[in-house]
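Structure assessment
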Amino acid sequence: MAFQPDVGDVHVDALLTNLSIGYKNQKYIADQVFPIVMVDKQSDIIPKYTKAYWFLDAARERAPGTQAAISGYAVDVTSTYFCVNFAIGKEIPDEVRANADLPYDMDRDGTEWVTDRIMMKRETKFAADFMTTSLWGTDVVGTTNFTKWDDYGASDPIKDIRTGIRTVRQATGFRPNCLIMGEIVWNRLVDHPDFLDRVKHTQLGVISRDLVKSVLELEKLFVAEALYTTSDEGSSTYTYSDIIDDDALLLYVADRPSLLVPSAGYTFVWRPLTGGGVQFIRRIRDDKRRKDIIEGHSYFDQVATATDAGYFFSDAVD
């Protein structure tokens, strides 16, 4: 029999260059909820007018030749921000860069990785600081204060959310325009008979985010889908959890930083240190150790500036 080379003799496995498998969150919502305010100082006072004075029915009839009734308002200078520096670095030794084969690109991949870590930090801080009880003007808890929305026979999510809308309007004069929820909450709502009844005669007969916004008369609806690992770096196994899960938050947020307008919150970003962006990347050369360090930085503070403009649904579903 003539000798024939085997497949292993004519091919050496190599890295594919036209694809690679990587994981990261497709989207974050934190930067879309609160308006971003670029500030020139790391810390400052957030000026605020005392609410009650702006709802006084203080005008009085004036007789000819008499002085108009005198009233006024007070200001509050106790609210502040402080832009904390959050940072993360990725080392790239010269030997690793020089020895890397396509499709690996140590500089590109390192930049992508640190950028995503900083974006995730703003998301996890938003969830920890604002998707919580004992902060907003009103907290309601599933089962305790309302029927959880996955109890399709007994719950009434449209009524519950409209109650929240009315509560915030009566507390601030502004109608909430934004609803945030975890994906599990959204998944329960799209199958809820109360919403399905609203679309049964439409062409598609399915729940969309635009339809929910229309029913509730909201401008913004954010469904949080980002996840994070709860395990320590280097663990033998990793577990993953949604950053925002079974809660929902109703807010009035300003479209942009404005004078004499309440907003549930703002994200303050220290402009001189970020170059006008929310975050920045820098490369540091360590010649002694023959490596570069790619660092991601953000100087920010997410602040609840009008807690009465928020209504929090805790444990909205199981």
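Up top you'll find the structure we're talking about.
What comes next concerns the included structure. All values reported here derive from a predicted model rather than from experimental measurement.

1. Some points on the sheet that holds strand β16 (residues 310–314)
Spatially, the five strands line up as an open sheet ordered β7-β16-β12-β8-β9, and their pairing is mixed. Since the sheet does not close on itself, it has two edges, and those belong to β7 (138–141) and β9 (220–224), each with one partner. The sheet shows a mean angle of 15 degrees between the axes of neighbouring strands, direction not considered. Summarising the sheet, strand β12 (residues 248–251) and β16 pair through four bridges and their orientation is antiparallel. Of the residues in β16, the one forming a bridge with Leu251 is Gly310. Across the face of the sheet, helix α8 (residues 209–216) comes into contact with β8 (178–182) and β9 while running at roughly 130 degrees to β9.

2. Details of the layout of surface pockets
One number sums up the size of the largest pocket: a volume of about 1,300 Å³. Lining the largest pocket are 29 residues; nearest its centre among them are Tyr23, Lys24, Trp113, Asp116 and Arg117. For the lining of the largest pocket, the element with the highest residue contribution is helix α4 (residues 106–130), accounting for 10 residues. Grouping the constituent residues of the lining of the largest pocket by class yields 14 nonpolar, six polar and nine charged. Reported here for the second largest pocket is a volume of approximately 870 Å³. Lining of the second largest pocket is provided by 27 residues; of these, Pro47, Lys48, Leu260, Val261 and Pro262 occupy positions nearest its centre.

3. Brief notes about the pattern of salt bridges
Per the counting criterion, the structure on display carries 24 salt bridges. A salt bridge links Asp94 to Arg285, with the nearest nitrogen and oxygen atoms 2.7 Å apart. Pair noted here: Asp94 is in helix α3 (residues 94–99) and Arg285 is in strand β14 (residues 280–286), with a separation of 191 residues, a long-range link. Residue Arg285 is classed as partly exposed on the basis of its relative accessible area, which comes to 38%. One salt bridge in this structure joins Lys148 and Asp318, with 2.6 Å as the shortest N-O distance. Of the two residues, Lys148 is situated in the loop between β7 and α5 (157–172) and Asp318 in the segment after β16; the sequence distance between them amounts to 170 residues.

4. Focus on the side chain of Asp160
Its location among the elements puts Asp160 in helix α5. For the buried Asp160, no salt bridge exists, and the shortest N-O distance to an oppositely charged side chain is 6.5 Å, to Lys159.

5. Observations regarding a nonpolar patch on the surface
A surface patch of nonpolar side chains, about 1,200 Å² in accessible area, is lined by Ile45, Tyr49, Tyr53, Trp54, Phe55, Leu56, Tyr73, Val75, Val77, Leu259 and Leu260. Locating Tyr73 in the fold gives a position in the loop between β3 (48–49) and β4 (75–76).

6. Brief notes about the pairing of β12
Judged by which residues are buried, β12 turns out to be covered on both faces: Ala248 and Leu250 on one side and Leu249 and Leu251 on the other are all buried. By the bridge criterion, four bridges tie β8 to β12 in an arrangement that is antiparallel. Across the sheet, Met181 pairs through a bridge with Ala248, a residue of β12.

7. Section: α8
Each full turn of the α-helix corresponds to 3.6 residues, which orients residues three or four apart in the same direction. Residues Leu211, Val212, Val215 and Leu216 constitute the buried set of α8. Seen along its axis, α8 keeps its buried residues to an arc of 125 degrees; they face one direction. Of the exposed residues in α8, the ones pointing more than 90 degrees away from its buried face are Asp210 and Ser214. Against α5, β8, α6 (183–189), α7 (193–199) and β9 lie the buried residues of α8. Phi for Glu217, located one or two positions after α8, is positive at around 60 degrees.

The rules behind these values
Residues numbered from 1 in each chain as written. Predicted model: local features only at pLDDT ≥ 70, side-chain atom pairs only at ≥ 80, totals over all residues. Heavy atoms only, no water. Pairing = 2+ DSSP bridges. Helix = DSSP H or I, 4+ residues; strand = E, 2+ residues; numbered from the N terminus. Axes fitted to C-alpha atoms, helices over the stretch in contact; angles between N-to-C directions. Contact = heavy atoms within 4.5 Å. 1 Å grid on protein atoms, 1.4 Å probe; cavity = no way out; pocket = protein on both sides within 12 Å on 5 of 7 lines; lining within 4 Å. Points joined across faces, edges and corners; volume = space filled by probe spheres on them. Nonpolar A, V, L, I, M, F, W, Y, C, P; charged D, E, K, R; others polar. Salt bridge = Lys/Arg side-chain N within 4 Å of Asp/Glu carboxyl O. Buried < 20%, exposed > 50% of the residue type's maximum accessible area, 1.4 Å probe, protein only. Lys, Arg positive; Asp, Glu negative; His and termini not counted. Patch = residues over 30% accessible without salt bridge, like charges linked within 9 Å, V, L, I, M, F, W, Y side chains within 5 Å. Areas by Shrake-Rupley, 256 points an atom, 1.4 Å probe, with all protein chains shown as cover. Arc of directions from axis to C-beta.

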